[in-house]
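# Observations on chain architecture
Okay, here's what each chain looks like letter by letter:
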Amino acid sequence: MKAAFRRPESLTDVQTHYCPGCVHGIVHRITAEVIDELDLQDRAVGVASVGCSVLAYDYFDVDFQQAAHGRAPAVATGIKRVRPDASVFTYQGDGDLASIGTAEIIHAAMRGEKITVIFINNAIYGMTGGQMAPTTLRGQKTTTSPYGRDTEHSGDPIRVCEMLATLPGAVYLERTSCHDARHIMQTKRAIKKAFEVQEKGQGFAMVEVVSNCPTNWGMTPRESLEWVEENMIPYYPLGEFRSPEEVE
Amino acid sequence: MDRQILIAGFGGQGVMLMGQMLAYSAMKKDYNVSWMPSYGPEQRGGTANCGVVISEQPVGSPVVNEPTECVAMNLPSLEKFADTVVPGGCLLINSSLADADVNRDDITILRIPASEEAEQLGEVRVANMIMLGALSEATSLLSVEYLKDMLSEVLPERRHGLIPLNEKALDRGRELAQKQLAVK
Amino acid sequence: MSKELVKGNEAVGEAAIRAGCRYFFGYPITPQNEIPEYISARMPEVDGVFLQAESEVAAINMVYGAGGAGGRIMTSSSSPGISLKQEGISYIAGAEVPCVIVNMIRGGPGLGTIQPAQSDYFQATKGGGHGDYRMIVLGPSNLQELVDLTYEAFDLADRYRNPVMVLGDGVMGQMMEPVVFPEMRDLDELPEKEWATTGRGQRDETNLINSLYLDPQDSYEHNMRLADKYARIKENETRFKTLHADDAEYMFVAYGTVARIVRKAIESLREEGHRVGLLRPITLWPFPDEAFEQLVEQVKGFLTVEMSTGQMFEDVRLALNGAVPAEFYGTTGGIMPDYRDVAEQMKKTMDKVGDAS
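Residues numbered from 1 in each chain as written. Chains lettered and ligands numbered in written order. Predicted model: local features only at pLDDT ≥ 70, side-chain atom pairs only at ≥ 80, totals over all residues. Heavy atoms only, no water.

## As for the layout of surface pockets
In this structure, the second largest pocket occupies an estimated 940 Å³ of space. Residue lining of the second largest pocket: 39 residues in total, with Ser 61, Pro 62, Val 63, Val 64 and Asn 65 of chain B positioned closest to the centre. Those elements that provide at least two residues to the lining of the second largest pocket are strand E1 (2–10), strand E2 (32–37), strand E3 (47–55) and helix H2 (75–81) of chain B together with helix H9 (256–271) and helix H12 (339–356) of chain C. Element by element, the count of residues in the lining of the second largest pocket is highest for H9 of chain C, at six residues. Tallied by class, residues from the lining of the second largest pocket come to 19 nonpolar, 11 polar and nine charged. Counting contributing residues per domain, the lining of the second largest pocket is built from domain 1 (4–185 + 211–237) and domain 2 (241–356) of chain C, each supplying no fewer than three. (1 Å grid on protein atoms, 1.4 Å probe; cavity = no way out; pocket = protein on both sides within 12 Å on 5 of 7 lines; lining within 4 Å. Points joined across faces, edges and corners; volume = space filled by probe spheres on them. Helix = DSSP H or I, 4+ residues; strand = E, 2+ residues; numbered from the N terminus. Nonpolar A, V, L, I, M, F, W, Y, C, P; charged D, E, K, R; others polar. Domains from an automatic or database assignment.)

The structure is reproduced here in structure tokens:
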């Protein structure tokens, strides 16, 4: 009998701590599926960041290192330089990657570091209780922008893919979303490609997943996914910003 | 024996190499040695100096503040360090570039026109070796013949073509020092 | 093996490579620039990796990743850069990643001066980063010792899965002195690191490099296990040297470059008939407390000399615990003490202690 659905080998049998409706679980699962499909479980080394995904090492059944806030690309660089045959990936949120870790992500991309970065952008600091992130949208209310993000005061949000696209070393940059099944499938294709780019030694690869945070956005899961589509995607357009085909 | 040698000039005069040559040559004679450069924000064109300690005892501080021998390759160095030489010590002045009076009658002073002499040898950059030859003669620290033997070890291989010229410079420094010391 | 005349910073680089270090991550800062410069030229010759990071913060986190992946790793910096590395050092200590960190101290605080100092003693031996951790801190006093301790630091780091700091200063980095380099280590003989994140391969369990223990009971047990390890390090690795301990009535306490200057002061004091000696800690953590216990019966007073306003002095006073008088003399902000001033201070100490008794 053929199994129609089962837990990927690269996921542990541990219940996650993620809130109901959060897409972290989905991205974990499709990342694990990709690791399985590319037969990378024995060579994969993940780097967990600081944020909601801080415990990612409990959920992936591969070797892991836990990094300090924002430093995952530097940690991944160290691992990859010692273990060039390993498949090294970071899993970072927007506070981690786009705020405290901007230097590390830019320079890992500049070096064309042969790592895969999965970047979850949900426009808020989830774990610490819903504070304003560098990716928080204009007018968006958070616990540290209670009147809505005032761009006169805090500037306009960072578009990381567009920023990194100026760097030749960043050979694959794609922004996807997880607000419906079709986009989830596209996210999986992108993550797979990002691991393949590393396998081929082409350079730095990053997938930015536009995500939700029903808890801190104060919405139901369905409302939050609609909000992604109606508010996030217009500011964070989906698509490839750098394509490895341009490189080859 | 405990010699504290200070060599000062501006960048490009080869003061660092001169100090290293001294330290290396003394090390090969099993003395305890140290070499210590001044280090600061100026990388090019500024003043440069290094201290060399040569001793039968383990070296204490490698920083030379009160030299037993001082080589002043230019005027700022002479003005800065002439008063620091210990009584009974020796001050060697590159008189091509430093001609100020020195108010010391308790030290030996040699004025060697090293830059001009080096130009006559065809390469102004060997002024440092002329001064080293003079220093060797004035202090009987390490003989010129011994220093010549060390050239091939101190200079990188690609510079070995310059060894004959450096030997001439060491000889010339010795001659000039001998003449002045004979007068004294 | 023959003696070579080498600059301190370059000597560190060569010693590290001979110890089997094949990965270096750093960032420029005076007065230690010759370390990354030397290694950037030397690493390709031994198929190693030199990488200039975008900051000290990134460099130490590369060390964390690379050390966690099982390599022999070093980074180097000087005081302001070491401050930036503190976060990473705390994580490295917490996750028990072996690595070697070199600090060629310059005067502080802030941007300070590029001239030598010993004012990072607190930072090195008392934490620097957050949390209840200890780092092995080695304080060489000449370039041969700098080479030998750097070489051995990698073994200590591996043996205890702990960061090891080699604590030098600007003078040590810049000066040249004769050294004999140890043999090139055979990389095949380096210890296996079965805990490293290499990719799980044929292992049954995955490996994790981590300092996060959300459950306080887990965190407590982790900390207590670290405390046991630190106690073991103190027991096994405490090192010091003495000079004239057989007959000294008064003793200097000094480490690093200052110990060389103190030795000159001792020479001149003994020529005048004063029975003075030196206790020189080589491991600054673990601090050699026991060495003092052995000496208090015989020594009337201790004079600590440092290039700071009195940092190691606190450890000296703790070790003496009031048993005999402890005096201090220091220069700071990039000024080195003169041996004659040091000798003079010892005479003052002798007068003061003599008057009191």
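## Overview of the domain arrangement of chain C
All names here are of chain C. You can read the domains of chain C as domain 1 (4–185 + 211–237) and domain 2 (241–356). With centres defined by C-alpha atoms, the gap from domain 1 to domain 2 works out at 27 Å. Between domain 1 and domain 2, the contact holds 32 residues from the first and 28 residues from the second. In total, domain 1 and domain 2 occlude about 2,600 Å² of area from one another, counting both sides; carbon and sulfur atoms represent 52% of this. Seen at the junction of domain 1 and domain 2, the total is five salt bridges. We note a salt bridge from Lys 234 to Glu 290, for which the minimum N-O separation is 3.7 Å. Where domain 1 packs against domain 2, one counts 16 residue pairs in polar contact (both at pLDDT 80 or more). Contributions of two or more residues to the side of domain 1 that touches domain 2 are made by helix H5 (121–125), strand E6 (136–138), helix H6 (143–160), strand E7 (163–169), helix H7 (170–174) and helix H8 (216–237). Per-element tally for the side of domain 1 that touches domain 2: the top contributor is H8, with four residues. The residue makeup of the side of domain 1 that touches domain 2, split by class, is 16 nonpolar, eight polar and eight charged. (Contact = heavy atoms within 4.5 Å. Buried area = accessible area lost by both parts, 1.4 Å probe. Salt bridge = Lys/Arg side-chain N within 4 Å of Asp/Glu carboxyl O. Polar contact = N/O pair within 3.5 Å; in protein donor to acceptor, adjacent residues only side chain to side chain.)

## A short note on the sheet that holds strand E3 (residues 49–52) of chain C
Residue and element names in this part refer to chain C. Taking strand neighbours across the sheet as the criterion, the seven strands line up as E3-E2-E4-E5-E7-E6-E13 in an open arrangement whose pairing is mixed. Because the sheet does not close on itself, it has two edges, and the strands there are E3 and strand E13 (283–285). Put simply, the sheet's adjacent strands are angled 20° from each other on average, direction ignored. Relative to E3, strand E2 (residues 23–26) is paired through four bridges, and the arrangement is parallel. Along E3, the bridge assignment pairs Phe 25 with Leu 51. Together, E2, E3, strand E4 (73–77) and strand E5 (99–105) form the strand contacts of helix H3 (residues 56–68), whose direction differs from that of E4 by roughly 165°. (Pairing = 2+ DSSP bridges. Axes fitted to C-alpha atoms, helices over the stretch in contact; angles between N-to-C directions.)

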